[in-house]
Structure formats: structure tokens, C-alpha cells
Amino acid sequence: MSAPDVTALLAELERSHPDLAEEARTAVEWLTGGEPLETVTQLDVCEFLWYTLPLKVAPPNAGTMKGSGDMERLARSLGRLLQLGGMDRYAAMCVSPTTLQILRTYAREGEDAGTTAYQQALEATGVLPPDVPELQWSMIMGPEELGAHIACSAALELAIVAGESVDRTALTRRWLTEPRADLGGDSWLNRVHGERLNRWVLGRGPARRELAQPFEVRLHAPVAPQPLPALHRLLSVAASGETLPLRLAPSPEAARLRDLAERELGAIRRDGAKLAITDYGLRLLKSKSAMWSAVTRLLLARGEHEFEVSAREAALMLLADGTLMSPAKLRERVAEVVGGEGWHPATSLEDVTGPVTDLVAQLTALGLAFSDELAVRMDRPGQLAALAALRAHALRPRKYVSSA
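Residues numbered from 1 in each chain as written. Predicted model: local features only at pLDDT ≥ 70, side-chain atom pairs only at ≥ 80, totals over all residues. Heavy atoms only, no water.

**A few points about the overall build of the chain**
Scanning the chain from N- to C-terminus turns up 20 helices and four strands. Its C-alpha atoms give the chain a radius of gyration of 27 Å, clearly above 22 Å, the size a compact globule of 404 residues would have. Within the span of the chain, comprising 404 residues, buried residues form 45% of the whole. Only carbon and sulfur atoms are counted for the fraction: they give 52% of the accessible area of the chain, which is about 20300 Å². Computed over 44 positive and 52 negative side-chain charges, the inter-centroid distance for the chain is 6 Å. (Helix = DSSP H or I, 4+ residues; strand = E, 2+ residues; numbered from the N terminus. Rg over C-alpha atoms; globule rule 2.2 N^0.38 Å. Buried < 20%, exposed > 50% of the residue type's maximum accessible area, 1.4 Å probe, protein only. Areas by Shrake-Rupley, 256 points an atom, 1.4 Å probe, with all protein chains shown as cover. Lys, Arg positive; Asp, Glu negative; His and termini not counted. Charge placed at Lys NZ, Arg CZ, Asp CG, Glu CD.)

Following this line, the structure appears as C-alpha cells:
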């Protein structure tokens, strides 16, 4: 049976508890956002009580200042309304010890302490969908991702209420990846990926949008892992414990590959005249997919300055079809693309030289591109590596700047 109409519930509350009616009206409007009460989930109630109420909702006639008593009164009023609507489990949350403790933490210790208590309590409910291998949830969600998050949370809540032993990760993965009739046979994961890819394409500047547009469809499907023979050989030598040949003049590519494996991947370390493989390096050596994922993530490493990532991203898009370009022309085209993204000060050819040159050196050392003073070109494994790197970057979760 569906929950009663909010207007009818408020009218009943006005008759039975007139002192609570105005607070209940304020609370339920924030909780539902105008949607029917039966659409509310446990996650909605938790987020309202433990986050929205203490940080955003001012009690009627209380100005902007909220003490613990004001917040508790609003929560209690909402609980009474939900109880009238037969939503006893949600009503109990409004006056639970957890809710009272969180609201008092906000009032006494401030926002940071309150949000920490909120996050801990929310995780303990079991209805918060966890990150899964296919999807890390964003802090800033678009409509499709928010719909997926709500649907997964509702599925977790239903399983918990039914008394099932819940594997949150398995249930979330299943709910995300299975085709759904209510989505016309699509899956939530496809919807979220499509939304993120579209957001990525519509990034800064018309030149970048024009360059990225053809990749929106190309990046939707995962890229199959490819072998990386040069890195595999190096890690195999390090794993064997053999002494490295002390060549006086190793090639630039060999030196760059060794540096990449040691400093950027953390897969090897020096041990006198030998190279020793790390535990992480062993995992990469044993798994083609793990090695592929680690290397392609490295091409657009998120630890770098955002401008450098934009320059490397543009270079990968320009080279991803196997186009033969001179290094000078590549830098010129990258500067044109990135220059339209609104960076300050204005982008120059000199600004992009460092990140583009380093990217080409990485690709060459890994055997994913050919380069010399006259030309740069990716072979097929390199083109696939570019697509994999671009896809991972485009599908990354959105985070607040301070959390990136």
C-alpha cells in the first residue's frame, strides 16, 4: 500500500499536534523535494537527518541560527508525520540515539565533526552502495548516476529489511550491470558511463570538444588488455635476480623504461648491481590485465597538474588513429587545443612542450610508439593504450577540488 498524501498527513498532524505541524511541513518539503512520500528511501532519510537538516534547514521563526534543540524538534516533528503515514521504521530514525548524537555533535563541535559522525553512521547502515570494480561513485553526481545510486541503495535496504545476508559489493555490481526492463533493457552502468563520457566530451573549449567528439562512442566499450613485451622483459629480469649488464651507454628508451618501472610504477628497485622486483611488480608480471591497467593509467596520471594532464590528453587523442606527425606539429596542435580551454595565463607552445615530450618518451620506451626527430606514430597496441587511457580518464568519478 502506498504512503498517504503529504497534504493529508499534514492536515491530520495539524489537528492532533498543532505545535509540530509547521516544523513537519518544513522537514518533509526538504526530505521529499516535492516527490511523493512513498519514493523516500532510508538513504534519503539518513542524509536529511544527518546532513541536510543540520547544515541547510533553518527552523521556522528561528532565523539562521540552529541549536541542537531546534534540530531535534524538526527531526521529532518529521518522525511524527512519518509515523502517521505508517512509515514506522523511518519515524524511529528521527528520534534514534544516533540521530540525536549526530545533531548534538554538529551543534557542539562544528561542521567537520558533525559530517564525520554523519559519514560513519551512514556507512554503518549498510544501505550506502560501495565502490565496485566497474564504478567508483562520484561526489558530484549527474542525474543518471544519482538514479543508479538511489536504485542500488534501495536494493540494499530491501535485502537488509528482508533479513538476508547481504554482500554489498556483489549486490551493487549485479544491480548496476544487469539489463533492466525499467531502463528499456539498458543497465545502470551503461547509463552512468554514457553520462560521464558526454560530460567529458563537453569539456573546455570548442577545439577540444571537436577533437573529443568522435571518442564519445569509441570509448564506451572497454579496451581489451594488450601485451607489453618491453616492460614484461624488464620485470622478468628483475624477478630472476640476475645481475644487470653494466653497459656504458644504455639506449635512451631502455633508461627511460627502467626509470618508469622504478620511479613511476614502483615495480622494481635497485639492489647494488641488480634490479629487484617489488611485490607490486610481481603482481604486474603475473597479470597482463593488471600491467595494462597500470601503464594506461600512467599515461594520464592524476597526480600531475591539471594543465599537464590536458596537454597529454590532447596528444593522445591526436595520435590515437595512428596518424604520423612531426614532434613539432604535435606540440603545435596540442597548444591549439589546450589554448582554447581557458587556462590563465594564455597557453603557449613552450607550455605544452614538457608534458607532450614526456608522454612521447613514455610511449616510445614502452614500445607503444615510434618517435625520432622527424616523426611520431603509434602502432596498434599504442592506439589501444591511448583509448584505454582516455576511457579511464573520461569515466573517472567527479570529486570536489579539495578531494581530488
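**Thoughts on the layout of surface pockets**
Empty space within the largest pocket amounts to approximately 1400 Å³. Along the wall of the largest pocket there are 38 residues; nearest its centre are Glu-47, Tyr-118, Ser-138, Met-139 and Met-141. Secondary structure elements with two or more residues in the lining of the largest pocket: α2 (18-32), α3 (42-56), α7 (111-125) and α8 (143-161). By residue class, the composition of the lining of the largest pocket is 20 nonpolar, ten polar and eight charged. (1 Å grid on protein atoms, 1.4 Å probe; cavity = no way out; pocket = protein on both sides within 12 Å on 5 of 7 lines; lining within 4 Å. Points joined across faces, edges and corners; volume = space filled by probe spheres on them. Nonpolar A, V, L, I, M, F, W, Y, C, P; charged D, E, K, R; others polar.)

**Quick look at the confidence of the model for the chain**
Of all residues in the chain, 91% have pLDDT values of 70 or greater, and the mean over the chain is 90. Across the chain, element-level confidence peaks in helix α15 (residues 279-286) with a mean pLDDT of 97 and bottoms out in strand β2 (residues 274-277) with 86. Here residues 61-65 scores under 50 on pLDDT; set against residues more than four positions off or in separate chains, the count is two contacts. (pLDDT = per-residue confidence, 0-100. Contact = heavy atoms within 4.5 Å.)

**With respect to the pairing of strand β1 (residues 268-271)**
As defined by bridge partners, β1 adjoins β2 across four bridges and the pair is classed as antiparallel. Looking at β2, one finds that Arg-269 is bridged to Ala-276. Taken together, β1 and the strand that follows it, β2, pair antiparallel across an intervening segment of two residues, in which Gly-272 is found at a positive phi of about 65 degrees. (Pairing = 2+ DSSP bridges.)

**Comments concerning the pattern of salt bridges**
Tallied over the full model, the rule gives 19 salt bridges. As a salt-bridge pair, Asp-321 and Arg-218 come within 3.0 Å of each other at their nearest N and O atoms. Here the residue Asp-321 occupies a position in the loop between α17 (306-319) and α18 (327-339), and Arg-218 occupies one in helix α12 (residues 215-218), the gap between them amounting to 103 residues. Overall, Asp-321 belongs to the exposed group, its relative accessible area being 51%. Asp-259 serves as the salt-bridge partner of Arg-263, at 2.8 Å between the closest nitrogen and oxygen. Of this pair, Arg-263 and Asp-259 both sit in helix α14 (residues 252-264), four residues apart, which is roughly one turn of the helix. By relative accessible area, Arg-263 is classed as exposed at 65%. Salt bridges linked by common partners bring Arg-256, Asp-259, Arg-263, Glu-264, Arg-312 and Asp-358 together as one network. (Salt bridge = Lys/Arg side-chain N within 4 Å of Asp/Glu carboxyl O.)

**Examining the packing of helix α13 (residues 229-240) against α15**
Axes are the key here: two packed helices are described by the angle between their axes and the distance separating the axes. Interaxial distance between α13 and α15 falls to 10 Å at its minimum, and their mutual angle equals 130 degrees. When the interaxial angle is binned, α13 and α15 end up oblique. Crossing of α13 against α15: the hand is left-handed. Judged by residue contacts, His-232, Leu-235, Ser-236 and Ala-239 of α13 engage Gly-281, Leu-282, Leu-284 and Leu-285 from α15. (Axes fitted to C-alpha atoms, helices over the stretch in contact; angles between N-to-C directions. Parallel < 35°, antiparallel > 145°, perpendicular 65-115°, else oblique. Left-handed = near helix turned anticlockwise from the far one by under 90°.)

**Observations regarding the nonpolar core**
With 67 residues, the main nonpolar core has Trp-200, Leu-231, Leu-235, Leu-265, Leu-316, Leu-330 and Val-334 as its most contacted residues. For this core, the element with the most residues is α17, which contributes nine residues. Excluding its chain neighbours within four sequence positions, the residues that come into contact with Leu-231 are Leu-257, Ala-261, Leu-265, Met-291, Val-295 and Leu-366. Listed in part, the 38 residues of the second largest apolar core include Leu-31, Cys-94, Ile-102 and Leu-128. (Core = buried A, V, L, I, M, F, W, Y, C linked by side-chain atoms within 4.5 Å.)

**So, helix α16 (residues 288-299)**
The end-to-end C-alpha distance of α16, which contains twelve residues, comes to 17 Å, matching closely the 16 Å that a straight helix rising 1.5 Å per residue would cover. Where α16 is concerned, the buried positions are Met-291, Trp-292, Ala-294, Val-295, Thr-296, Leu-298 and Leu-299. Next to the buried residues of α16 lie α13, α14, α15, α17, α19 (349-365) and α20 (380-394). (Expected span 1.5 Å × (residues − 1).)

**What to know about α20**
Given a rise of 1.5 Å per residue, 15 residues ought to cover 21 Å, and the 21 Å separating the end C-alpha atoms of α20 matches this to within 8%. Counting buried residues along α20, twelve of its 15 residues qualify, which places the element largely inside the surrounding structure. Where α20 is concerned, the buried positions are Gly-382, Gln-383, Leu-384, Ala-385, Ala-386, Leu-387, Ala-388, Ala-389, Leu-390, Arg-391, His-393 and Ala-394. Looking at the buried residues of α20, the elements they touch are α10 (188-201), α12, α16, α17 and β4 (376-378).

**Looking at the packing of α17 against α18**
α18 packs onto α17 with a crossing angle of 120 degrees between their chain directions and a minimal axis gap of 9 Å. Our classification of the angle between α17 and α18 gives oblique. Crossing geometry of α17 relative to α18 is assigned as right-handed. In this structure, α17 contributes Phe-307, Ser-310, Ala-311, Ala-314, Ala-315, Leu-318 and Leu-319 to the contact, and α18 contributes Leu-330, Arg-333, Val-334, Val-337 and Val-338.

**Some remarks on the state of the cysteines**
Taken as a whole, this structure holds zero disulfides when the rule is applied. Of all cysteine sulfurs in the structure, the one in Cys-94 sits closest to Cys-46, which takes part in no disulfide; the separation is 9.7 Å. Of the residues examined, Cys-46 reaches a relative accessible area of 0% and is grouped as buried. For Cys-94, a relative accessible area of 1% puts it in the buried group. (Disulfide = S-S within 2.5 Å.)

**Some thoughts on the packing of aromatic side chains**
A complete count under the given rule lists one aromatic pair for this structure. Seen from their ring centres, Tyr-51 and Tyr-118 are 5.4 Å apart, and the 35 degrees between their planes marks the pair as tilted. Placement of Tyr-51 in helix α3 and of Tyr-118 in helix α7 is noted, with a sequence separation of 67 residues between them. Over the ring of Trp-175 we find Arg-180; its NZ or CZ atom is 3.8 Å from the centre of that ring. Directly above the aromatic system of Trp-200 lies the positively charged group of Arg-208, at a separation of 4.9 Å from the ring centroid. (Phe/Tyr/Trp six-rings, centres within 6.5 Å; stacked < 30°, edge-to-face > 60°. Lys NZ or Arg CZ within 6 Å of the ring centre and 35° of its normal.)

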